[in-house]
Number of protein chains: 6
Amino acid sequence: MKVTISRKAHFNSAHRLYRKDWTFEKNDAVFGKCNNPNYHGHNYELIVGVTGQIDPETGYVMDVKILSDLIKEEVENRFDHKNLNLDVPEFQDLNPTAENIVVVIWNKLRNKIQADFDIEVILYETPRNFVTYRGE
Amino acid sequence: MKVTISRKAHFNSAHRLYRKDWTFEKNDAVFGKCNNPNYHGHNYELIVGVTGQIDPETGYVMDVKILSDLIKEEVENRFDHKNLNLDVPEFQDLNPTAENIVVVIWNKLRNKIQADFDIEVILYETPRNFVTYRGE
Amino acid sequence: MKVTISRKAHFNSAHRLYRKDWTFEKNDAVFGKCNNPNYHGHNYELIVGVTGQIDPETGYVMDVKILSDLIKEEVENRFDHKNLNLDVPEFQDLNPTAENIVVVIWNKLRNKIQADFDIEVILYETPRNFVTYRGE
Amino acid sequence: MKVTISRKAHFNSAHRLYRKDWTFEKNDAVFGKCNNPNYHGHNYELIVGVTGQIDPETGYVMDVKILSDLIKEEVENRFDHKNLNLDVPEFQDLNPTAENIVVVIWNKLRNKIQADFDIEVILYETPRNFVTYRGE
Amino acid sequence: MKVTISRKAHFNSAHRLYRKDWTFEKNDAVFGKCNNPNYHGHNYELIVGVTGQIDPETGYVMDVKILSDLIKEEVENRFDHKNLNLDVPEFQDLNPTAENIVVVIWNKLRNKIQADFDIEVILYETPRNFVTYRGE
Amino acid sequence: MKVTISRKAHFNSAHRLYRKDWTFEKNDAVFGKCNNPNYHGHNYELIVGVTGQIDPETGYVMDVKILSDLIKEEVENRFDHKNLNLDVPEFQDLNPTAENIVVVIWNKLRNKIQADFDIEVILYETPRNFVTYRGE
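These lines cover the structure that appears in this document, whether it is placed above or below. (Residues numbered from 1 in each chain as written. Chains lettered and ligands numbered in written order. Predicted model: local features only at pLDDT ≥ 70, side-chain atom pairs only at ≥ 80, totals over all residues. Heavy atoms only, no water.)

The next point concerns the interface of chain D and chain B. Taken residue by residue, the interface counts 21 residues in chain D and 21 residues in chain B. Surface buried jointly by chain D and chain B totals about 1700 Å² across both partners, of which 50% is contributed by carbon and sulfur atoms. For the chain D face of the interface with chain B, the top three residues by lost area are K8, E57 and Y60 of chain D, together amounting to 29%. Between the two partners, chain D and chain B, sit nine residue pairs in polar contact (both at pLDDT 80 or more). Counting residues per element, the side of chain D that touches chain B draws most heavily on strand β1 (residues 2-15) of chain D, which supplies nine residues. (Contact = heavy atoms within 4.5 Å. Buried area = accessible area lost by both parts, 1.4 Å probe. Polar contact = N/O pair within 3.5 Å; in protein donor to acceptor, adjacent residues only side chain to side chain. Helix = DSSP H or I, 4+ residues; strand = E, 2+ residues; numbered from the N terminus.)

See the structure below:
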């Protein structure tokens with residue numbers, strides 16, 4: 001019996017979408033107002049789903065407290081109240097689009113969660129725009 | 001790395017559930033209060049998900065602005081503040097159930113989005129009733 | 001100790017904004033796409049607040065079941081899955097704007113709730129547009 | 001054309017997470033504050049999805065009223081305003097974790113829904129913690 | 001310039017509505033399924049609003065971190081994962097209706113927040129039922 | 001009959017809480033992680049309420065399209081995808097706390113809305129923190 005347990009979390013960050021190796025004009029043409037050199041920001045909402053067998057002894061797939069602490073340590077403490085471009089090493093040379101952020105988060109969690117659990121990460125950049133990654 | 005980008009949109013429409021080739025009594029037995037000849041209506045909420053590879057140059061699967069404009073052009077402009085039965089050609093002879101609406105929307109978007117992207121459409125008829133179609 | 005108890009309810013209706021004594025052109029200029037002669041519709045969300053003293057015996061201002069039944073009888077049964085213009089007598093000669101609907105609902109409830117309770121009605125026409133009336 | 005129709009419902013219950021065959025200390029170490037012997041409680045939110053072919057005659061996969069009545073009969077009437085540990089037979093000897101509850105609900109619905117429909121059940125224990133089961 | 005700052009919090013509790021000095025039959029007639037002797041429970045959502053002048057030096061009415069810590073200390077730590085009837089002294093002889101709970105919370109906060117700030121407490125017992133108290 | 005019409009809008013911005021005339025250490029002690037020199041950001045949600053008499057001819061207090069356009073012009077176009085500290089003149093020498101932002105927005109709208117209408121502005125900095133200003 002494979003069940004998915006999911007946990008919502010959030011972090012508030014500034015970012016700018018652009019490539020350092022492109023001119024401002026090219027960045028402007030591709031990324032529009034997201035290319036504001038002074039940055040803008042979001043309340044990111046994160047949903048992490050972990051799929052595995054129910055432990056028949058506890059009735060848990062994974063204690064949601066453990067998952068919640070892991071998200072706090074790996075994601076919230078590193079991304080919350082930060083500038084993604086300037087303060088988060090993973091985005092030094094990687095454009096912090098929602099797509100790239102969700103893959104970075106998935107990889108960070110994949111390293112910490114045992115391999116027989118599947119992982120899905122959903123990231124809301126705004127209430128109307130979100131992305132999903134399952135490591136496929 | 002296949003990521004799904006999703007965009008929420010909405011439209012407000014009137015509709016009536018019934019078949020023209022059935023008697024009022026039969027329509028009433030099957031569709032109940034949804035068969036009101038004077039119509040009723042909904043704030044439809046729409047979530048369109050597009051799955052594909054991240055473009056390594058931009059960090060986008062697809063610019064969400066392009067997806068949002070496409071939804072506006074193909075769905076919102078044609079369905080919003082309309083009577084689905086009377087104003088939308090697709091439902092001239094097709095009962096506008098949530099199931100039929102979601103398939104119509106999926107087909108309209110499938111025609112406009114490149115074939116190597118997968119599409120999923122979720123349609124909320126009310127906050128408690130929704131349908132999902134993936135073209136399968 | 002005056003406490004407000006509030007109850008959420010909803011109804012799904014079709015309507016058209018226009019005045020019968022105006023030309024189509026004038027209605028179109030003032031009400032735009034809301035003047036579609038074939039109607040459009042909404043999932044209306046309703047929040048009814050009733051303010052009064054806590055009954056020291058029960059700990060209730062009013063049993064929320066009584067309030068909920070009253071909303072069902074006075075509002076939901078009459079407005080849900082209806083065309084407000086054609087099926088609801090109050091809007092035979094009254095334009096069913098959100099403002100007029102909220103006043104009509106407040107008056108219907110005022111007639112049924114004892115006079116020493118204050119009443120507030122909030123009506124969401126869409127998740128982003130709502131109106132509030134307190135009988136003032 | 002396989003479409004999923006989904007219906008949201010809810011029930012409000014008390015529960016306690018523990019095993020009768022463990023000491024209080026062991027239960028406390030594993031289940032923490034969820035092991036309060038006097039119980040705590042939740043507003044559980046339930047989303048049931050049923051996937052099948054659209055009936056070309058009605059345009060329905062399944063009348064959502066039938067699905068809604070089934071959820072009421074099988075889940076709400078038995079779980080709502082109950083103590084899951086004491087009042088619900090399925091949890092006499094089964095720890096009422098979200099994972100175990102979602103499997104119990106899925107099995108109850110599986111017995112009542114025709115076999116060619118797939119079923120997915122999502123259960124929110126809180127707005128930030130939820131579980132999903134598809135019978136796999 | 002008087003501004004209200006508001007903070008949302010939550011706690012998950014079991015409770016039973018009844019009076020010890022009434023018969024079970026009388027409690028059943030008045031409180032219905034809320035009188036289950038084995039308790040039921042809710043995810044209570046709490047919104048605390050504090051109204052006062054903006055401090056021209058900081059731009060804060062009150063640091064929301066201070067308000068959030070106060071709610072944690074006075075409300076969450078005492079009510080969360082508890083049985084309100086059995087574990088919370090204020091409800092030993094007071095029926096834990098939403099109305100009585102919101103007044104208890106307001107009084108606890110009133111004792112800890114400086115007198116020139118006004119306080120409003122909103123308590124959601126379910127997403128559709130809530131109560132509001134302003135100390136009037 | 002005085003009715004309030006309310007409109008929700010949103011903007012996504014970066015900001016930093018600090019005073020230029022304080023040391024970093026003092027700013028850090030007062031504003032904590034909100035004082036990150038590289039900025040952080042939010043999806044601000046805005047609710048503007050306008051209270052006035054219903055125009056008996058149209059049934060409107062104010063055409064919500066006019067209110068929505070006004071919010072777009074005065075707030076969204078100036079704040080969205082901006083750095084509040086660097087890009088918005090009002091915050092050159094004013095700490096962009098939620099309290100100060102809501103007063104700035106109220107004043108901008110007060111200048112554009114006729115004086116016999118009352119205005120209320122609610123600003124969500126996060127889903128759990130919000131402020132309200134009524135010009136009092």
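Further remarks concern the interface of chain F and chain A. With 22 residues of chain F at the contact, the number on the chain A side is 22 residues. For the pairing of chain F and chain A, the buried interface totals around 1700 Å² over both sides, and the portion due to carbon and sulfur atoms is 48%. Of all residues in chain F, N38, N43 and H81 of chain F give up the largest surface area on contact with chain A, accounting jointly for 35% of the area buried on that side. At the boundary of chain F with chain A, the tally comes to two salt bridges. Between D80 of chain F and K33 of chain A there is a salt bridge, with the nearest N and O atoms lying 2.9 Å from each other. Summed over the shared surface of chain F and chain A, the result is 19 residue pairs in polar contact (both at pLDDT 80 or more). (Salt bridge = Lys/Arg side-chain N within 4 Å of Asp/Glu carboxyl O.)

Here we come to the environment of W106 of chain F. All names here are of chain F. Mapped onto the secondary structure, W106 falls in helix α4 (residues 98-110). Placed 28 residues apart in sequence, W106 and R134 show a C-alpha to C-alpha distance of 7.7 Å. Every residue in contact with W106, bar those within four places of it in the chain, is listed here: I119, E120, V121, Y133, R134 and G135.

Our focus in this paragraph is the relation of the copies chain F and chain A. After a rotation of 180° and a shift along the axis of 0.0 Å, chain F superposes on chain A with an RMSD of 0.0 Å. Such a combination of rotation and displacement between the chain copies is what one expects of a two-fold axis. A share of 100% of the interface residues of chain F reappears at the interface of chain A, consistent with the copies meeting face to face through the same patch. (Least-squares fit on C-alpha atoms with pLDDT ≥ 70 in both.)

So, on to the side chain of N95 of chain B. Looking at the secondary structure, you find N95 of chain B in the loop between α3 (84-87) and α4 (98-110). Here Y18 of chain B takes part through its backbone nitrogen, which lies 3.0 Å from a polar atom of the side chain of N95 of chain B. Discounting residues that sit within four places of it in the chain, N95 of chain B has contacts with R16, L17, Y18, F31 and N100 of chain B together with T58 of chain D.

In screw terms, the move from chain D to chain B is a rotation of 120° and a rise of 0.0 Å along the axis, fitting with an RMSD of 0.0 Å. The operation mapping one copy onto its partner corresponds to a three-fold rotation axis.

What follows concerns the packing of helix α2 (residues 64-79) of chain A against helix α4 (residues 98-110) of chain A. Residue and element names in this part refer to chain A. For the pair α2 and α4, interaxial distance at closest approach is 10 Å and the crossing angle is 140°. In terms of their interaxial angle, α2 and α4 are classed as oblique. Once α2 is placed against α4, the crossing between them reads as right-handed. Between α2 and α4, the residues in contact are L70, E74, V75, R78 and F79 and I101, V104, I105, K108 and L109, respectively. For the contact of α2 with α4, the per-class residue count stands at seven nonpolar, no polar and three charged. (Axes fitted to C-alpha atoms, helices over the stretch in contact; angles between N-to-C directions. Parallel < 35°, antiparallel > 145°, perpendicular 65-115°, else oblique. Left-handed = near helix turned anticlockwise from the far one by under 90°. Nonpolar A, V, L, I, M, F, W, Y, C, P; charged D, E, K, R; others polar.)

Take the packing of aromatic side chains next. Counted by the stated rule, this structure contains 42 aromatic pairs over all chains. Note on Y60 of chain E and F31 of chain F: the rings are 5.5 Å apart at their centroids and 70° apart in plane angle, and the pair reads as edge-to-face. Here Y60 of chain E is found in the loop between β2 (40-53) and α2 (64-79), whereas its partner F31 of chain F is found in helix α1 (residues 24-31) on a different chain. A single burial state applies to Y60 of chain E and to F31 of chain F, both of which are buried. Between the aromatic rings of F79 of chain F and F91 of chain F, the centroid separation amounts to 6.1 Å while the plane-to-plane angle is 70°, which identifies the pairing as edge-to-face. Within this pair, whereas F79 of chain F is found in helix α2 (residues 64-79), its partner F91 of chain F is found in the loop between α3 (84-87) and α4, the two being separated by twelve residues in sequence. The class of F79 of chain F is buried, set by a relative accessible area of 0%. Of the aromatic side chains, those joined through ring pairs into one cluster are F11, Y44, F79 and F91 of chain A. (Phe/Tyr/Trp six-rings, centres within 6.5 Å; stacked < 30°, edge-to-face > 60°. Buried < 20%, exposed > 50% of the residue type's maximum accessible area, 1.4 Å probe, protein only.)

This is a description of form; function is not addressed.
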